[in-house]
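Inside the fold
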Amino acid sequence: MGNRLTKIYTRTGDDGTTGLADGSRVAKDSARIGAIGEVDELNCILSTVLACSIPERVSQCLVEIQHDLFNIGGELSLPKASLVTGKYVERLETWLDGFNETLPPLKEFILPGGGQAASCCHIARAVCRRVERSLYHLARTETVEKFLLVYINRLSDLLFVLCRVLARDSGAGEVYWRNPVR
């Protein structure tokens with residue numbers, strides 16, 4: 001691969017716009033750029049989970065997801081492109097089923113916590129939900145491919161299950177919500 005960027009600053013964004021991959025320019029505060037930024041933020045937060053001591057199977061899964069998120073950012077930066085397919089969603093569902101079957105049934109809500117890695121993963125889960133809201137906001141005015149929306153929804157489910165796995169594996173255990181009614 002050759003040099004993709006020869007110069008980091010271009011000054012083209014000084015007017016409050018930014019370029020999409022198709023060459024068009026949009027406002028930096030547009031819904032599309034907001035969604036791209038939130039996908040990038042989610043990817044960065046996943047790196048904090050990966051920086052923790054976590055099981056290899058979780059690490060491999062998260063690295064694949066980081067690549068997926070980069071592709072999602074690419075899809076969002078190319079209006080009318082479709083990079084995320086049903087196969088992406090199927091892979092998440094396979095991981096979800098595999099990790100979830102190792103966990104005891106959940107009988108109560110859990111609070112964010114359960115050790116450093118699980119706590120970081122809870123932040124990623126919450127940001128993933130924000131990404132989903134941002135994508136639906138964008139979809140009100142522009143086309144957002146169905147599989148991209150389904151993928152992000154399923155990813156938040158997987159991140160929740162991974163929080164549980166990481167809390168268990170850390171030895172800290174899950175932090176259960178104290179229901180005031182009981």
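**Some thoughts on the overall build of the chain**
Each helix and strand in the chain was counted, giving five helices and four strands. Starting at the N terminus and walking to the C terminus, you meet the elements of the chain as β-β-α-α-α-β-α-α-β. In the chain, which comprises 182 residues, the proportion classed as buried is 41%. Taking all contacts inside the chain whose residues are at least 6 apart in sequence as the whole, residues at least 24 apart take part in 74%.

**Focus on the layout of surface pockets**
As a volume, the largest pocket reaches approximately 390 Å³. Lining of the largest pocket is provided by 15 residues; of these, Ile36, Phe70, Gly73, Gly74 and Ser77 occupy positions nearest its centre. Contributions of two or more residues to the lining of the largest pocket are made by strand 1 (17-19), helix 1 (31-50) and helix 2 (56-77). Looking at the lining of the largest pocket, its residues break down into seven nonpolar, seven polar and one charged.

**Notes on the side chain of Glu75**
Counting through the fold element by element, Glu75 comes out in helix 2. This buried residue, Glu75, is left without a salt bridge; Arg32 holds the nearest opposite charge, at 7.7 Å. Those residues within four positions of Glu75 in sequence are excluded, and the remaining contacts are Ala81, Ser82, Leu83, Val84, Glu145 and Leu148.

**Notes on the pattern of salt bridges**
Counted according to the given criterion, the structure contains 10 salt bridges. Between Asp157 and Arg129 there is a salt bridge; the shortest N-O distance is 3.6 Å. Of this pair, Asp157 sits in helix 5 (residues 146-170) while Arg129 is found in helix 4 (residues 116-139), placing the two residues 28 residues apart along the sequence. Given a relative accessible area of 28%, Asp157 falls into the partly exposed group. With a relative accessible area of 31%, Arg129 lands in the partly exposed category. One salt bridge connects Arg164 with Glu174, and the closest N-O pair in it is separated by 2.4 Å. Here the residue Arg164 occupies a position in helix 5, and Glu174 occupies one in the loop between helix 5 and strand 4 (175-176), the gap between them amounting to 10 residues. A relative accessible area of 4% means that Arg164 is categorised as buried. Through salt bridges with shared partners, a single ionic network connects Glu38, Glu41 and Arg130.

Rules used in this analysis
Residues numbered from 1 in each chain as written. Predicted model: local features only at pLDDT ≥ 70, side-chain atom pairs only at ≥ 80, totals over all residues. Heavy atoms only, no water. Helix = DSSP H or I, 4+ residues; strand = E, 2+ residues; numbered from the N terminus. Buried < 20%, exposed > 50% of the residue type's maximum accessible area, 1.4 Å probe, protein only. Contact = heavy atoms within 4.5 Å. 1 Å grid on protein atoms, 1.4 Å probe; cavity = no way out; pocket = protein on both sides within 12 Å on 5 of 7 lines; lining within 4 Å. Points joined across faces, edges and corners; volume = space filled by probe spheres on them. Nonpolar A, V, L, I, M, F, W, Y, C, P; charged D, E, K, R; others polar. Lys, Arg positive; Asp, Glu negative; His and termini not counted. Salt bridge = Lys/Arg side-chain N within 4 Å of Asp/Glu carboxyl O.

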